[in-house]
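# Coordinate analysis (summary)
Listed below, chain by chain, are the residues.
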Amino acid sequence: MSSLSSTSSLPSPSSRTRSSLLLAGLMAGAGVLHFAVPKAFDATVPRILPGEPRTWTYASGVVELALAAGIAHPRTRGAAARATAGFFVGVFPANVQMAVDWRGRPRQQRAAALARLPLQVPLVLWARSVARGADGP
């Protein structure tokens, strides 16, 4: 009975796959948007970074697309999901900088910049969960 209760708390393979594919879709969608509407992302690039914001926008889009592809494929899912968690942690300082830089922007933009900050935590946890699911029970 205890083995039944311990396995019942694990998500089913289909729900793990669904969660993985949803995360891959989120990353792919974000990556595509970096190319479809780069100007919106250029404005979020911290001024402290060297080079042109557009270069960082495109580079970030490429990384997001690569992570999406890795998460979508079962063989690379675990490593890509761990890298995605790291990516979410890595972009957090840029999100903080964006919130600081956008203090003078209209209220809606300031609110959006601030709202992004606590959203990083569930994204990191989601990516870690996908990685654990990919690595097996």
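Heads up: the structure comes first, above all this text.
Attention here is on the structure that accompanies the text. What you see is a predicted model; the values in this text were computed from it and never measured. (Residues numbered from 1 in each chain as written. Predicted model: local features only at pLDDT ≥ 70, side-chain atom pairs only at ≥ 80, totals over all residues. Heavy atoms only, no water.)

## Looking at helix H6 (residues 107-134)
Here H6 spans 41 Å end to end across 28 residues, near enough to the 40 Å set by a 1.5 Å rise per residue. Helix geometry: H6 is bent most strongly at Pro 118, by close to 35 degrees. By the burial criterion, the buried members of H6 are Ala 113, Leu 117, Gln 120, Val 124, Ala 127, Val 130 and Ala 131. (Helix = DSSP H or I, 4+ residues; strand = E, 2+ residues; numbered from the N terminus. Expected span 1.5 Å × (residues − 1). Bend = angle between axes of the 7 residues up to and from the residue. Buried < 20%, exposed > 50% of the residue type's maximum accessible area, 1.4 Å probe, protein only.)

## Structural notes on the nonpolar core
Leu 23, Met 27, Ile 71, Phe 87, Phe 88, Ala 127 and Val 130 are the most contacted members of the largest nonpolar core, which totals 15 residues. Contributions of two or more residues to this core are made by helix H2 (13-36), helix H4 (53-72), helix H5 (77-101) and H6. The dominant element in this core, judged by the number of residues it contributes, is H5, at five residues. In contact with Phe 87, other than residues within four places in its own chain, are Met 27, Ser 60, Val 63, Glu 64 and Leu 67. Met 98, Ala 99, Trp 102 and Leu 117 belong to the second largest nonpolar core, which has five residues in total. (Core = buried A, V, L, I, M, F, W, Y, C linked by side-chain atoms within 4.5 Å. Contact = heavy atoms within 4.5 Å.)

## Looking at the packing of aromatic side chains
Scanning the entire structure with this criterion turns up two aromatic pairs. Between the aromatic rings of Phe 35 and Tyr 58, the centroid separation amounts to 5.1 Å while the plane-to-plane angle is 5 degrees, which identifies the pairing as stacked. Here Tyr 58 lies in helix H4 and Phe 35 lies in helix H2, a separation of 23 residues in the sequence. In this structure Tyr 58 comes out as partly exposed when scored by relative accessible area, which is 32%. Taking NZ or CZ as reference, Arg 105 lies 4.4 Å from the ring centre of Trp 102, over its face. (Phe/Tyr/Trp six-rings, centres within 6.5 Å; stacked < 30°, edge-to-face > 60°. Lys NZ or Arg CZ within 6 Å of the ring centre and 35° of its normal.)

By themselves, these observations are geometric and do not establish any function.
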